[in-house]
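Geometric and topological summary
Chain by chain, the residues run as shown.
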Amino acid sequence: MPNNSPLLSKTEILKWLVENGFKKPLKLHLFSSIDSTNTYLKTLPISTEIEICCSETQTQGRGRLGRTWHSPSEENIYCSGRWRVKDLNKVSALSLVCSLAVIDVLKEFDITDLKIKWPNDILWNDKKLCGNLVELISENKNEYLAVIGIGLNVNSDTLKHSLPDKEWCSLYEITGIHHNRNQLISAIVCKLDSYLDKLWTYGFSIFLNEWEKYDYLKNNILEVKHHQTTIKGKACGITEQGNLILELENGARLNLNAGEVSLKK
Ligand code: BTN
């Protein structure tokens, strides 16, 4: 099916934001090509508004752990937002909250059966649909901004392109239809902004029930690469700070705040 969905448009995204009832001061930066939307917001001068950057493609899209984020043009969402950090103790949950916000938006578009692989992968049928990259910049000793970048595969035809290193999928593969990225971006920005407010006010514990519904790892045996070592254990959910709880073979429990996880079948 030809992709007739519209190109990214500032007017459209802003129109949808108004439709979604978004009222905070926000600046939108839209590019047809850029190195990385996260990098752009990391180097943009400090401001008081929420800054959002989207691009049709990225020449140096970045994933977690130094990986490249494949960014075919005019097909998917490459979008970053910059928000003030209101509580440094809660930043380890930003990635998790971002995934929950994206899942909640996709539910409104009737896309279900999604799972989250801690800390940041949204999966469908064991294939990666979306990832996020959270980076902090410090304004001064006590004040930080968080750049949260979202890569969501929307209209890519997974049969046409293949990525050698990973099983991945797109909304097009899941639903058989092309989606309006302007509408999706504005819905995600609105939802993420309201989830961030909740996180700063109540902490991640308020999201734990929701997380449980989507936890891809729980009760599975994992290998986690963490600080040059590989740890094997059973995933036992996550803590109120958003750390992964791993039960080791001797029964001891470890809380991990970062790591590269793979399932042991
Ligand atoms: C991952 O799963 O490894 C994280 C992927 C994050 C990709 C997004 S695309 C928009 C933003 N800009 C980047 O360079 N990376 C993030």
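Residues numbered from 1 in each chain as written. Predicted model: local features only at pLDDT ≥ 70, side-chain atom pairs only at ≥ 80, totals over all residues. Heavy atoms only, no water.

Once that is clear, we can look at the overall build of the protein. Broken down by element type, the protein carries 6 helices and 12 strands. Relative to the compact-globule value of 18 Å for 265 residues, the protein shows a C-alpha radius of gyration of 18 Å, a close match. Residue pairs at least 24 apart in sequence account for 62% of intrachain contacts in the protein once pairs closer than 6 positions are excluded. As displayed, the protein has an accessible area near 12,900 Å², and 48% of this comes from carbon and sulfur atoms. Put simply, the protein has 32 plus and 32 minus side-chain charges, and the middle of one group is 3 Å from the middle of the other. (Helix = DSSP H or I, 4+ residues; strand = E, 2+ residues; numbered from the N terminus. Rg over C-alpha atoms; globule rule 2.2 N^0.38 Å. Contact = heavy atoms within 4.5 Å. Areas by Shrake-Rupley, 256 points an atom, 1.4 Å probe, with all protein chains shown as cover. Lys, Arg positive; Asp, Glu negative; His and termini not counted. Charge placed at Lys NZ, Arg CZ, Asp CG, Glu CD.)

Further remarks concern the site of the ligand. If you check the shell around the ligand, you find 21 residues, and the closest are Ser 36, Gln 58, Arg 62, Arg 64 and Lys 128. Measuring from a nitrogen atom of the ligand, one finds a side-chain N or O atom of Thr 37 at 3.1 Å. Asn 120 places a side-chain nitrogen or oxygen 3.3 Å from an oxygen atom of the ligand. When the ligand is considered free in solution it has 420 Å² of accessible area, and contact with the protein chains removes 98% of it. At the level of elements, helix H2 (37-43), strand E3 (77-84), strand E6 (127-138) and strand E7 (144-152) are the ones that each hand at least two residues to the shell around the ligand. The greatest single-element share of the shell around the ligand, amounting to 4 residues, is contributed by E6. When its residues are assigned to classes, the shell around the ligand shows 5 nonpolar, 12 polar and 4 charged. (Near = heavy atom within 4 Å. Polar contact = N/O pair within 3.5 Å; in protein donor to acceptor, adjacent residues only side chain to side chain. Nonpolar A, V, L, I, M, F, W, Y, C, P; charged D, E, K, R; others polar.)

Moving on: helix H5 (residues 181-202). In this model H5 runs 31 Å from its N-terminal to its C-terminal C-alpha over 22 residues, within 8% of the 32 Å that 1.5 Å per residue would give. For H5, the tally of buried residues reaches 16 of 22 residues, placing the bulk of the element in the interior. A side-chain oxygen of the first residue of H5 lies 2.9 Å from the backbone nitrogen of Asn 182; this N-cap is Asn 180. Once H5 ends, the next one or two residues include Gly 203, with phi positive near 90 degrees. (Expected span 1.5 Å × (residues − 1). Buried < 20%, exposed > 50% of the residue type's maximum accessible area, 1.4 Å probe, protein only.)

In a structure, side chains of opposite charge can pair up when their charged atoms sit close to one another. For the structure on display, the rule yields 21 salt bridges. A salt bridge links Glu 51 to Lys 27; its shortest N-O distance comes to 3.8 Å. Of this pair, Glu 51 sits in strand E2 (residues 50-55) while Lys 27 sits in strand E1 (residues 26-31), placing them 24 residues apart in sequence. Overall, Glu 51 belongs to the buried group, its relative accessible area being 1%. Since its relative accessible area comes to 37%, Lys 27 is described here as partly exposed. Among the ionic contacts, a cluster of salt bridges with common partners joins Asp 104, Lys 107, Glu 108, Lys 191, Glu 210 and Lys 213. (Salt bridge = Lys/Arg side-chain N within 4 Å of Asp/Glu carboxyl O.)

Moving on to the packing of aromatic side chains. Scanning the model with the defined rule gives 4 aromatic pairs in all. Ring geometry for Phe 31 versus Tyr 40: centroids 4.9 Å apart, planes at 65 degrees, classification edge-to-face. Through a chain of ring-to-ring contacts, the aromatic side chains of Tyr 195, Phe 204, Phe 207 and Trp 211 assemble into a single cluster. For the cation-ring pair, Lys 15 lies above Trp 16, with the distance from its terminal atom to the ring centre recorded as 4.8 Å. The ring of Tyr 195 has Lys 198 sitting right over it, with the charged end atom 5.3 Å from the ring centre. (Phe/Tyr/Trp six-rings, centres within 6.5 Å; stacked < 30°, edge-to-face > 60°. Lys NZ or Arg CZ within 6 Å of the ring centre and 35° of its normal.)

All right, on to the side chain of Asp 193 then. Here Asp 193 lies in helix H5. Among the polar contacts listed, one links the side chain of Asp 193 to the side chain of Trp 83, at a separation of 3.0 Å. Ignoring sequence-local partners within four residues, the contact set of Asp 193 consists of Phe 22, Lys 24, Ile 50 and Trp 83.

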